Amino acid sequence: MIVYKTDAFEKEQRHTTAQLNAATYGERIKNEIVNGTEITDTLEQILISDDGTIKHFNTIAKNLMSDSIESVQLAPHGVVTDIYPAEGNEAGKIDLLHDKDRGEISCYARDNHTVITQGPFELKQGDYGIAVRNPVYLNDENGQEYFWGFTIVILRVPEIFSDSISALSNFGYEYKLSKTDAPWSDTYEVVCQSDGNLTNPVSYDFTIGEENWRFEVMPVSGWRNTKLIAVIIGLYTSIVFVLSVLIWVWLTAKEHKNKFQKLAHMDSLTNIYNRYGFDELAEEMIAKNPNAPYVVALFDIDNFKFINDIYGHVYGDRALKNLADSMKSFFPSDTLLGRNGGDEFCILLPNCTYDDVKEQLQQFTMLPKIFSCKGNDYPFYISLGYAEYPIAASNRAQLMRCADAALYEVKLHGKNGCMAYREGLHSRSRKQLGFALKDISEHLPGAFIIYRADKENDELFYANHEFLHMTGYKDIDELFKLTKKSFRNLIREDEQQQIEASIWQQIDSGNENDYIHFHLRKADGTYLSVLDHGRIVENQQYGRVFYVLFMDWADMHIRYSDKFSE
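Criteria and cut-off values
Residues numbered from 1 in each chain as written. Predicted model: local features only at pLDDT ≥ 70, side-chain atom pairs only at ≥ 80, totals over all residues. Heavy atoms only, no water. Helix = DSSP H or I, 4+ residues; strand = E, 2+ residues; numbered from the N terminus. Contact = heavy atoms within 4.5 Å. Axes fitted to C-alpha atoms, helices over the stretch in contact; angles between N-to-C directions. Left-handed = near helix turned anticlockwise from the far one by under 90°. Buried < 20%, exposed > 50% of the residue type's maximum accessible area, 1.4 Å probe, protein only. Pairing = 2+ DSSP bridges. Salt bridge = Lys/Arg side-chain N within 4 Å of Asp/Glu carboxyl O. Arc of directions from axis to C-beta. Core = buried A, V, L, I, M, F, W, Y, C linked by side-chain atoms within 4.5 Å. Patch = residues over 30% accessible without salt bridge, like charges linked within 9 Å, V, L, I, M, F, W, Y side chains within 5 Å. Areas by Shrake-Rupley, 256 points an atom, 1.4 Å probe, with all protein chains shown as cover.

This paragraph deals with the side chain of glutamine 118. Inspection of the secondary structure puts glutamine 118 in strand S3 (residues 116-122). Aside from chain neighbours lying at most four places away, what touches glutamine 118 is Asp101, Arg102, Ile105, Gly129, Ile130, Ala131, Arg133 and Lys179.

Once that is clear, we can look at the packing of helix H9 (residues 313-330) against helix H10 (residues 354-366). Two numbers describe how H9 lies on H10: the axes approach to 11 Å, and their chain directions differ by 145 degrees. Considering how the two elements wind past one another, H9 and H10 form a crossing that is right-handed. Side by side, H9 and H10 meet where Leu323, Ser326, Met327 and Phe330 of the first sit next to Gln360, Gln363 and Phe364 of the second.

Within strand S4 (residues 128-139), 10 of the 12 residues are buried, which leaves it mostly tucked inside the rest of the structure. Pairing of S3 with S4 involves 5 bridges; the strand directions are antiparallel. Pairing of glutamine 118 across the sheet is with alanine 131, part of S4. Between the antiparallel neighbours S3 and S4 lie 5 residues, among them glycine 126 with a positive phi of about 105 degrees.

Quick look at the pattern of salt bridges now. Enumeration over the complete set of coordinates arrives at 20 salt bridges. Between arginine 110 and aspartate 111 there is a salt bridge; the shortest N-O distance is 2.9 Å. Counted as one network, the salt bridges with shared partners bring together Arg275, Asp279, Glu283 and Arg396.

With that settled, consider helix H8 (residues 304-311). Of the positions making up H8, those classed as buried are Phe304, Ile307, Asn308 and Tyr311. Angular distribution of buried residues about the axis of H8 spans 100 degrees; they occupy a single face of the element. Along H8, the residues that are exposed and aim more than 90 degrees away from the buried face are Lys305 and Asp309. On its buried face, H8 sits against strand S11 (294-301), H9, strand S14 (369-373) and strand S15 (376-380).

As a rule of thumb, soluble globular proteins bury nonpolar side chains together. Ranked by internal contacts, the top residues of the largest apolar core, which has 53 residues, are Phe299, Ile301, Met327, Ile347, Leu361 and Tyr421. Counting 41 residues, the second-largest nonpolar core is a separate cluster that includes Tyr25, Ile33, Phe161 and Val191.

There is a patch of nonpolar side chains on the surface, built from Leu444, Leu549 and Met551 and spanning about 210 Å² of accessible area. Among the secondary structure elements, leucine 444 is positioned in the loop between helix H13 (437-443) and strand S18 (447-452).

In C-alpha cells, the structure reads:
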C-alpha cells in the first residue's frame, strides 16, 4: 500500500509540475518566435508608409538582425529580390508562388491574408531554419487593395528559443517541439527535440497565425520514481526510515509545486505579479476583509509604442523594468503590485481611501522615470487612474473597470496625469477614444502643416492631404523634395525675409497665435495667396514646433465678401 500510494502521488506531482513547465516554457517559446517574426511586421509598416518601397534596405535589415536571425528578405510579387546578408544567400532569390516546395503554402498566405511559417529546413550555412512569410497589401491610387508581396525572415532553430529549452533541460526534462506542416494540415512535423524518447508526455498547444504548435515535455527519469520505490521496498522493515523517506518525498514535491505555482503567478520580465497572480491575490485580500476600504490604480506608459518603434523592444523592456522597480521602492510593502500585460500595470492599496492615496498617487505619477539607451537617459511618462472599494464598486472586477475608465479619461485630457474615478466615465471615455489621429488629420476640412520652430532650421515634418491637394503636390515626398524640407521655400522669394520677421516678431512679443498673409509656393511653381494661422507648441521629441493652418485668401473673399466689406 505504501509503495502504491507513493508511486501514484509521485506520478501525479510530476504530471502537475511537468504541465506547469510545458505551459510556462511553451508560452515563452511562442513569445520568442513571435518576437522574431515581428521583423516582418516592421518591414510591412515601412512598405505601407513609403508606398511599397524600402530605401536603404540593407541598413534597416542590419539593424533588425540578431544571433537567431539567419536572413531578412523582400519578395515583391512573390519573387525574392532583396536578401540581407547577401553573402551566402545568392541562391535564395526564387519565385515563391511558383516554386515546387514553397508555392502552395505561399499562395495560401497570399490568398488568406495570413502569416505562415515553413520548415524546419536545412540551411546552406549549416543548422536548420524556419521561414516566416508575411503577405503585404497596399492600396492603389483608386483605393483598391492589391498584393504587394512578402516580407520574410529566416529564423535559426533552435537558436530562436535556445534560452527556454536550455532552462528546461537544466530542470531535468526531455522535450519535443512540433508544428503542423501547413495551415490546412493536421500532420505535425518536429521542429526540434532532445535526445531522449518521450513516453506519454504532457503537452501545451498554441497557435501562431493559422498554424498549430505543440510543445511536449516529460521528466528525463520518467514518470515513476523507481529509486524511491526500491528504497521503500528494501527498507520495508525499518518503519522509522520509511516514514522519513515519505516525509522527504512530500516536502520535496511540495517545494517544487510551490516553486512552479509562483512561476505561473509572476511576470518574468519585471518580477512582480502577472495578471493571473494579481487578480487571484486581490480577490483573496478583498474576500478576507470585505468591509475594509481598498484602492486599485491602473496606469500605463504614455506613447509606449513610440519607445519601441524608435529605440527598439530591448529598450522598451528596460522602461518596463525601471517602472516596476520604481513601484517596488515607492509603495509600502503591503501593496499588491502587478503587470496586466504590455505596458499596463496595476496596484492594490489595502485599508486606503481616496483621501489617503490622492497625494501619494500624484507624487508617483510625477516621479521622474527614465531608461538608458547607448549612454543617454531618456524620460518617459505615465497616465494613472484609480478607484475605491466599496464606494465605486462592489467587487474586484468592477473596481478594475472603474480604474480603467479613469485611466482613459486621463488619456483624453493629454496624458501624463492622475485621476480618480467618478460616476459616468465608462461610456464617454471609450466613445471618444474611437477617433484616431490619422482619421482626424486626413478628414479635417482644412490644410495644415507642422514644421520646426527654429530660426535657423525650419524643417518640415508633416502636411495633411488637404494641404497637398490645395498646393498640387503629388505626395509628401514630392513636397519634401521640391522644398528641401524647409518652410522658407514655401514662401515667395520676395516675401521670405518680411514674412519670417513678422512671424518671429509676433512670437517674441508673447503671442501664442500668429496670422500672416503671403503667397504660398505650389508644386508647379505658381503661387497661391493664403492666410497663415500658426501656433507654436512644445513637442517631447522635436522641441518647439509650429502647427499652421492655411486658408485660400481669394476663396475667403469670394465666400465672405460681405464680411470683408463691413
